[in-house]
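# Geometric and topological summary
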Amino acid sequence: MAFVVSSGQLAVTGAGVTPGYAAMTLPAMPWEYETIWRTQPQVRTVIGFLARNIAQLGIHTFRRVSDTDRERLTDHPLAKLLASPMPGMTTYRFVERMVSDIGVYDHWYGIKLKLDGQLRILPVPPSLIRPHGGNWIAPKYYETAGGRDFAVDEVVHIHGYSPDNLTVGSSPIESLRDLLLESSEAARQRSQMWKGGARLTGVLQRPMDAPDWGATEKTRFREMWRTFSQGGGAEGGTPILEDGMTYVPVGFNPEQAQYIEARKLTREEVSAAYFIPPPLIGILDHATYSNIKEQHAHLYQDTLGPWMVMLQQEIVAQILPDLPGDNSDVYCEFNIDAKLRGSFEEQAVAASTATGRPWMTVNETRARNNLPAIDGGDSLITPMNVTEGGLASPRDTAPDPAALPKARGLALVKSGRPADLGTAGTEGDALATSLEKWTKRAADKLLAAAGVKAGDMPDLLALWAAGSKDRIAQLEALLADHGYRIAQVGAWEVLNAWNPEAENWSADVMLAWILAAAHTHAEQHEEAGRKAVAAVQERGGDGWREGLQGAASSWGSAAVLRAATASTELRSFGGHDAASASGLTKKIWRTGGRNPRPSHKAQDGQTVSLDDVFSNGLRWPGDGQGKTDELVNCNCTLDYAKEG
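Presented here is an overview of the structure given in this document. (Residues numbered from 1 in each chain as written. Predicted model: local features only at pLDDT ≥ 70, side-chain atom pairs only at ≥ 80, totals over all residues. Heavy atoms only, no water.)

### Here's the deal with the overall build of the chain
Scanning the chain from N- to C-terminus turns up 19 helices and 14 strands. When each of the 644 residues of the chain is scored for burial, the buried share is 35%. For the chain, restricting intrachain contacts to residue pairs at least 6 apart in sequence, the fraction spanning at least 24 positions comes to 69%. Approximately 37,200 Å² of the chain is accessible, and the part contributed by carbon and sulfur atoms is 54%. (Helix = DSSP H or I, 4+ residues; strand = E, 2+ residues; numbered from the N terminus. Buried < 20%, exposed > 50% of the residue type's maximum accessible area, 1.4 Å probe, protein only. Contact = heavy atoms within 4.5 Å. Areas by Shrake-Rupley, 256 points an atom, 1.4 Å probe, with all protein chains shown as cover.)

As structure tokens, this is what we get:
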């Protein structure tokens, strides 16, 4: 075994490596990546999305005081450098170029300069600078297009991963070149089609018994046809064929060529190469309100988080050592706090709970709405039911839970299956019955408010919106109540087989997820009803009463489907949670139902790791994070196993 012995500097042994060990890779030249970025809208959209969303955050500098405390540094040399990397250059433009260069080339270069005694960083396009010489560990120096060479310690070089050395990265565009070339060729074909008056290629057939043409007739007809097919000025007109001639199209029409689908696929492939969820860049084919909301919530954690961590660490590793002073506890972070906060309503609720009382004055609220101040509006109003040292929150005056109808199954389960817990079938039927009855009551209330027996059609959407919040709150309670029981059913199906004593498992751990799922299903069921009412509103006319009654009936049918989908998801989640707590490491898809989907039927028996997804993109049957067409009326289940 060969070892590297070094005195402060890493050396290269070369032991066991011959000149013919491996061929050098030949990626695209930098200007090729630049051309792709300039000419391919999909690439520009995705890279621009990354650069703009990271650049808008700003970077803050901190000193670590202790494990639980830190201080913001505004006068530190690093803070000043990041605020003004070069005279006239903003932090936004600096970070935007940094992210864009890495996205296009997988490289970013900055030259360290001393201006007026202060360190500055000059960004250099990767097409104008490159590492030269050295070895696979580090270059000897950096050479530029202008002929000036820079030492390694004079250049900030951020790059990604390359499988064959530590000095360069490999652009994601490299893996997309063939796909982008195909898209470019398709665009060129479309251009030619429009140039020819949007006509497809074809041939002219002239009957065998037609009179012979001389040179003059052939020239005349050729010129006439050119005006219709090759930009002669008559594009879009109708040519007149002679002597019984016919035109036979040859090639694909636009629908067969699937131009729109191909463009969507290209953008999806580019977004996948950069790990961006398609709905965030405008691909909304499988988007819903709930999953877009979740993807936006995770944008600065899962999608952009790795980028920000990489840039933060590179700045500390390559720039901070050149700054004066003791910087051992200094670091920088992108300012994502504002982006990770909830909506204004969510922040207001949290602030009210934290303070135990209202936290804004009347005049502060009026100022937010561009209204003038009023007398007496500068003091906080404390409700009579909120006293210091008393209630923790104004919302603590909600009815006593003991006075409310008992929610079944809300006692914590530490061990032992609850005696009143039914089977998956009975609990699912109970949810379906409750949701169907609730939907009928809500629909009847809307019909009564609309006055379907007399009068002109009112604003149905306004009537619907007036009760929306109350309906969603009631739906959440109903779904959470039944969902808690169904999730326990799924959990005990696994526990009885693998962990009868329920070691390391507790039903109350599932509550947070169940409440979130109940909220999502409540919003989706509410939206189904709103769409049905909106359709009646749009049609209008004298038949609106019958239409509204039909909408109520269809909403009731949707309740049955919603209950089945929610039951499958909650049962699957409960089993998955119990499997995780029981130390199981594998899950096996079992296809069920009389007429399963082809994708579900194809993966019957498929086994993956517990934390992985199946080939249809689902973590478990009914997974709310999956595509809608993979979820409705799914009757599949999971089995579990231990490794080895």
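### Quick look at the pattern of salt bridges
Going through the model one piece at a time under the given rule, you end up with 13 salt bridges. A salt bridge links K112 to D322; its shortest N-O distance comes to 2.5 Å. Taken together, the residues span a long stretch of sequence, with K112 in strand β3 (residues 107–115) and D322 in the loop between α10 (305–318) and β11 (330–334) at a distance of 210 residues. On the basis of relative accessible area, K112 is assigned to the buried category, the value being 18%. (Salt bridge = Lys/Arg side-chain N within 4 Å of Asp/Glu carboxyl O.)

### Describing the packing of helix α4 (residues 91–105) against α10
Contact geometry of α4 with α10 gives a least axis separation of 12 Å together with a crossing angle of 110 degrees. Classified by the angle their axes make, α4 and α10 are roughly perpendicular. Considering how the two elements wind past one another, α4 and α10 form a crossing that is right-handed. Together, M98, V99, I102 and G103 of α4 and W307, M310 and L311 of α10 make up the contact between the two elements. For the contact of α4 with α10, a count of residues per class yields 6 nonpolar, 1 polar and no charged. (Axes fitted to C-alpha atoms, helices over the stretch in contact; angles between N-to-C directions. Parallel < 35°, antiparallel > 145°, perpendicular 65-115°, else oblique. Left-handed = near helix turned anticlockwise from the far one by under 90°. Nonpolar A, V, L, I, M, F, W, Y, C, P; charged D, E, K, R; others polar.)

### Let's talk about a nonpolar patch on the surface
Together, L204, L241 and Y247 give the surface a local cluster of nonpolar side chains, amounting to about 210 Å² of exposed area. Its place among the elements puts L204 in strand β9 (residues 202–205). Residue L204 is classed as partly exposed on the basis of its relative accessible area, which comes to 31%. (Patch = residues over 30% accessible without salt bridge, like charges linked within 9 Å, V, L, I, M, F, W, Y side chains within 5 Å.)

### Quick look at the sheet that holds β3
With antiparallel pairing, 3 strands are arranged side by side in an open sheet as β4-β3-β8. The two strands at the open ends of the sheet, each matched to only one other strand, are β4 (118–124) and β8 (155–159). For this sheet, the mean inter-axis angle between neighbouring strands, taken without regard to orientation, is 25 degrees. As paired strands, β3 and β8 are joined by 5 bridges and run antiparallel to one another. Within β8, the position partnered with G110 by the bridge is V156. α4 rests against β3, β4 and β8 of the sheet, and its axis sits at about 145 degrees to β3. Each of β3 and β8 is contacted by α10, which is oriented at about 155 degrees to β8, the strand it contacts most. (Pairing = 2+ DSSP bridges.)

### Thoughts on the nonpolar core
Formed by 59 residues in total, the largest nonpolar core has its most connected members in W505 and L548. Listing elements by their share of this core, those giving two or more residues are α14 (424–450), α15 (460–466), α16 (468–498), α17 (511–539), α18 (544–581) and β14 (637–641). (Core = buried A, V, L, I, M, F, W, Y, C linked by side-chain atoms within 4.5 Å.)

### Topic: the pairing of strand β2 (residues 69–73)
Relative to β2, strand β1 (residues 59–66) runs antiparallel, the two being bridged by 5 bridges. The partner of S66 across the bridge, within β2, is D69.

### Some remarks on α4
Counted at 1.5 Å a residue, the expected span for α4 with its 15 residues is 21 Å, and the 21 Å between its end C-alpha atoms agrees. A large share of α4 lies buried, amounting to 12 of its 15 residues. (Expected span 1.5 Å × (residues − 1).)

### A word on the environment of R366
Along the chain, R366 turns up in helix α13 (residues 362–368). Taking the C-alpha atoms as reference points, R366 and G377, separated by 11 residues in sequence, lie 9.1 Å from one another. R366 has contacts with L371, P372, A373 and I374, leaving out every residue within four places of it along the chain.

### As for the packing of aromatic side chains
Here the structure, examined in full by the defined rule, presents 12 aromatic pairs. Seen in terms of ring centroids, W213 and F221 are 5.3 Å apart; in terms of plane orientation they differ by 45 degrees. Their pairing is tilted. Judged by centre distance (5.8 Å) and plane angle (80 degrees), the rings of W492 and W505 are edge-to-face. Residue W492 is found in helix α16, and its partner W505 is found in the loop between α16 and α17; the two are separated by 13 residues along the sequence. (Phe/Tyr/Trp six-rings, centres within 6.5 Å; stacked < 30°, edge-to-face > 60°.)

### Focus: the sheet that holds β11
What the 3 strands build is an open sheet, ordered β2-β1-β11; its pairing is antiparallel. Where the open sheet ends on each side, the last strands, each with one partner, are β2 and β11. Across the sheet, the mean angle separating the axes of adjacent strands is 40 degrees when strand polarity is ignored. Where α10 meets the sheet, its contacts fall on β1 and β11, and the angle it forms with β11 comes to roughly 155 degrees.

### A few points about the packing of α14 against α18
Interaxial distance between α14 and α18 falls to 9 Å at its minimum, and their mutual angle equals 155 degrees. Classified by the interaxial angle, the pair formed by α14 and α18 is roughly antiparallel. At the point where α14 passes α18, the crossing takes the right-handed sense. Class assignment of the residues belonging to the contact of α14 with α18 gives a composition of 18 nonpolar, 5 polar and 3 charged.

### Focus on unusual backbone geometry
Phi at D106 is positive, roughly 65 degrees, even though this residue is not glycine. Using a relative accessible area of 10% as the deciding quantity, one classes D106 as buried.

### With respect to the side chain of E523
As for its position among the elements, E523 is in helix α17. Looking at E523, its side chain comes within polar contact range of the side chain of H519, at 3.0 Å. (Polar contact = N/O pair within 3.5 Å; in protein donor to acceptor, adjacent residues only side chain to side chain.)

### Some details on the pairing of β3
Strand direction decides the pairing type here: β3 and β4, joined by 7 bridges, are antiparallel. Bridge pairing in β4 links K114 to L119. The loop that links β3 with its antiparallel partner β4 comprises 2 residues; one of these, D116, has a positive phi angle of about 55 degrees.

### Observations concerning the state of the cysteines
If you walk through the whole model with that rule in mind, you get 0 disulfides. Distance from the sulfur of C636, which forms no disulfide, to the nearest cysteine sulfur (C634) is 3.8 Å. (Disulfide = S-S within 2.5 Å.)

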